Amino acid sequence: MHKNKGPVYYGDYLQLPKLLDSQLPLSRKYADETNGECHDEMLFIVVHQVYELWFKQILHDLDAILSVFNKTYIPEVELSSIIQKLERIKKIQGLLIGQFDVLETMTPMDFLEFRDLLIPASGFQSVQFREIEIKLGLHTNDRMDVDREFFMGRLSEKDRAHLTEVESSPTILKCLEGWLERLPYTNTSGFNFWDEYQKSINAILKDDQDIIEANSAHLTERAKMIQLENLKMTRGTFESLFQTESHDELIKNNQRKLSQKAILNALFILLYRHESMLTLPFHLITSLMDIDENFTTWRYRHALLAQRMLGTKIGTGGSSGHQYLKRAADNNRVFLDLFNLSTFLIPNSRLPKIPLEVKKKLSFNV
Ligand code: HEM
């Protein structure tokens, strides 16, 4: 604990003169040449500045998380502190999404009054937003070519160099992969969980096939064929989980990001989330999914804001505006692999029984 070092003045501590002197509407600067200052430009600036302040806090927390998560051994207490910070980021995201309501009190006509003064400045140049994306695990190379060009092309040399450096640092996604790969429970002496899981899957799929055959009297030949085809596809999807070649192909095509081992262990956590030792890991996984979902919600909400303000006009940064933003919302996902794991969940009653020796390791007090 730090001791007081003498009287502190509120405004000095918070640097308020500097902070409150930093809203400089361009329509005020050029008021003489145009129709005077635009009242809502102040709102536009304040809202963006508040966003940037919250981005700063998110980065502060992400850096703290990364400094721990990047280690090769993470004690339980550290895992709790990672989750606590992720939960804070989720709360901040709630504010980030809600703040659009305030900005939308500005009408498109009010925005049009000063919009042209901003060209070519754009949210593309929010270095902190890009830094958050990169630190979570959205690498520039994961973006479509056009996005990469837009982003990098609109940044100053200094900002570009900074982001390039950030891209060579650890990311939450990579740390998650390493941590998942180290999960010890799935392959211990005499017990290979994945052999047992595959047996359960085969039994479930066999049951599904029996149901189709049993009901075939009520089906046309074509309907039966379609159902059997669908079942074959489901079987193929399950097999892809275990076939390294299929997995590598998905990674190559940018359809999967986590290693096969990490994915399998994440699935184990989801399947046995009720076991004591997996409670925190399950919480970590769901927090990361929540953060991904919140960012996606933010992107959709922002795309709608752009549509409301601009219709089909292009953005000040030169993109197709609403169209670009909607596409970015669909594509710029970091933890999509975790969402896709739901494909491989099976009912509790069909889960393989875990041997006592492994069960002991998963429990606090068996
Ligand atoms: C009137 C309000 C706003 C409009 C019309 C608007 C419009 C746009 C458009 C059209 C783009 C695409 C790039 C371009 O061509 O410029 C963009 C990107 C962006 N804007 Fe906004 N925006 C608004 C408010 C905000 C606010 C309040 C933030 C908060 C920081 C923000 C952050 C961003 C970010 C981070 C990007 C890059 C997103 C990406 O590429 O995924 N924008 N904005």
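Residues numbered from 1 in each chain as written. Predicted model: local features only at pLDDT ≥ 70, side-chain atom pairs only at ≥ 80, totals over all residues. Heavy atoms only, no water.

Draft legend 1. Fine view of the overall build of the chain. Along the chain, the regular secondary structure elements total 19 helices and two strands. Expressed as a percentage of its 366 residues, the buried residues of the chain come to 42%. Here the analysis covers contacts within the chain between residues at least 6 apart in sequence; of these, 77% occur between residues at least 24 apart. Of the roughly 20800 Å² that the chain leaves accessible, carbon and sulfur atoms contribute 56%. (Helix = DSSP H or I, 4+ residues; strand = E, 2+ residues; numbered from the N terminus. Buried < 20%, exposed > 50% of the residue type's maximum accessible area, 1.4 Å probe, protein only. Contact = heavy atoms within 4.5 Å. Areas by Shrake-Rupley, 256 points an atom, 1.4 Å probe, with all protein chains shown as cover.)

Draft legend 2. Structural context of the UniProt feature "binding site: heme" (unreviewed entry) in the chain. Within this structure's numbering, the places UniProt gives as "binding site: heme" (unreviewed entry) are H302. Residue position: H302 is located in helix α16 (residues 279-310). Looking at H302, the relative accessible area reads 23%, which means it is partly exposed. Aside from chain neighbours lying at most four places away, what touches H302 is F100 and L325. (UniProt positions renumbered as here; feature names shortened; annotations may be inferred.)

Draft legend 3. Local environment of the pattern of salt bridges. What the rule picks out here adds up to 19 salt bridges. Taking the shortest distance from any N to any O, the salt bridge between E87 and K90 comes out at 3.1 Å. With E87 and K90 both in helix α5 (residues 76-98), this residue pair falls three residues apart, about one helical turn. In this structure E87 comes out as partly exposed when scored by relative accessible area, which is 25%. The structure contains a network of salt bridges with shared partners spanning D101, E104, R301 and R308. (Salt bridge = Lys/Arg side-chain N within 4 Å of Asp/Glu carboxyl O.)

Draft legend 4. Quick peek at the site of the ligand. Neighbouring residues of the ligand: 28 residues in total, closest S122, H302, G317, S319 and Y324. Within the side chain of S122, an N or O atom sits 2.8 Å from an oxygen atom of the ligand. Contact distances for the ligand include 2.9 Å between a nitrogen atom and a side-chain N or O atom of H302. Sorting the residues of the shell around the ligand by element identifies α4 (41-69), α16 and α17 (322-331) as the ones contributing at least two each. Along the lines of polarity and charge, the residues of the shell around the ligand split into 17 nonpolar, 10 polar and one charged. (Near = heavy atom within 4 Å. Polar contact = N/O pair within 3.5 Å; in protein donor to acceptor, adjacent residues only side chain to side chain. Nonpolar A, V, L, I, M, F, W, Y, C, P; charged D, E, K, R; others polar.)

Draft legend 5. Inspection of the UniProt feature "binding site: substrate" (unreviewed entry) in the chain at higher detail. The sites that UniProt annotates as "binding site: substrate" (unreviewed entry) are F44, I45, V46, V47, H48, R115 and T316. Structurally, I45 is set in helix α4. A residue is classified by how much of its surface remains accessible, and I45, at 15% relative accessible area, is buried. Not counting residues up to four positions away in its chain, the partners in contact with I45 are Q23, L24 and P25. Note on placement: V47 falls in helix α4. Residue classification places V47 among the buried positions, given a relative accessible area of 5%. Dropping the residues within four chain positions of it, V47 is found in contact with Q99 and L103.

Draft legend 6. Representation of the packing of aromatic side chains within the structure. As enumerated under the stated definition, the model contains 21 aromatic pairs in all. When the ring of F193 is compared with that of F268, the centres are 4.9 Å apart and the planes differ by 80°; the resulting orientation is edge-to-face. Residue F193 is located in helix α12 (residues 193-214), and its partner F268 is located in helix α15 (residues 260-271); the two are separated by 75 residues in the primary sequence. By way of ring pairs, the aromatic residues Y51, F55, F100, F129, F295 and W298 are connected into one cluster. (Phe/Tyr/Trp six-rings, centres within 6.5 Å; stacked < 30°, edge-to-face > 60°.)

Draft legend 7. Geometry of helix α11 (residues 172-181). Within α11, eight of the 10 residues are buried, which leaves the element mostly enclosed by the surrounding structure. Considering only its buried residues, α11 is in contact with α4, α5, α8 (127-136), α15, α16 and α18 (336-340).

Draft legend 8. Summary view of the packing of α11 against α16. The N-to-C vectors of α11 and α16 enclose an angle of 155°; their axes lie 13 Å apart at closest approach. Between α11 and α16, the crossing angle belongs to the class labelled roughly antiparallel. In the crossing of α11 with α16, the sense of the turn from one axis to the other is left-handed. Residues I172, L176, W179 and L180 of α11 lie in contact with α16, whose contacting residues are P281, L284, I285 and L288. Looking at the contact of α11 with α16 residue by residue, the classes come out as eight nonpolar, no polar and no charged. (Axes fitted to C-alpha atoms, helices over the stretch in contact; angles between N-to-C directions. Parallel < 35°, antiparallel > 145°, perpendicular 65-115°, else oblique. Left-handed = near helix turned anticlockwise from the far one by under 90°.)

Draft legend 9. Molecular detail of a nonpolar patch on the surface. Judged by side-chain polarity, V8, Y10, Y13 and L14 come together as a nonpolar surface patch covering roughly 510 Å² of accessible area. Residue position: Y10 is located in helix α1 (residues 10-13). On the basis of relative accessible area, Y10 is assigned to the exposed category, the value being 61%. (Patch = residues over 30% accessible without salt bridge, like charges linked within 9 Å, V, L, I, M, F, W, Y side chains within 5 Å.)

Draft legend 10. Region of the structure containing the nonpolar core. Among the nonpolar cores identified, the biggest contains 82 residues, and F69, L176, Y197, F268, L284 and L338 are the most heavily contacted of them. Residues within four places of L176 in sequence aside, it is in contact with F69, L258, L284, L288, F335 and L338. (Core = buried A, V, L, I, M, F, W, Y, C linked by side-chain atoms within 4.5 Å.)

Draft legend 11. Structural view of unusual backbone geometry. Note that the residue after I119, namely P120, is joined by a cis bond; omega there is 0°. Summarising the element assignment, P120 is placed in the loop between α7 (108-118) and α8. Even without being a glycine, Q15 presents a positive backbone phi close to 55°. Judged by its relative accessible area of 41%, Q15 falls in the partly exposed class. The backbone of N254 sits at a positive phi, close to 65°, despite the residue not being glycine.

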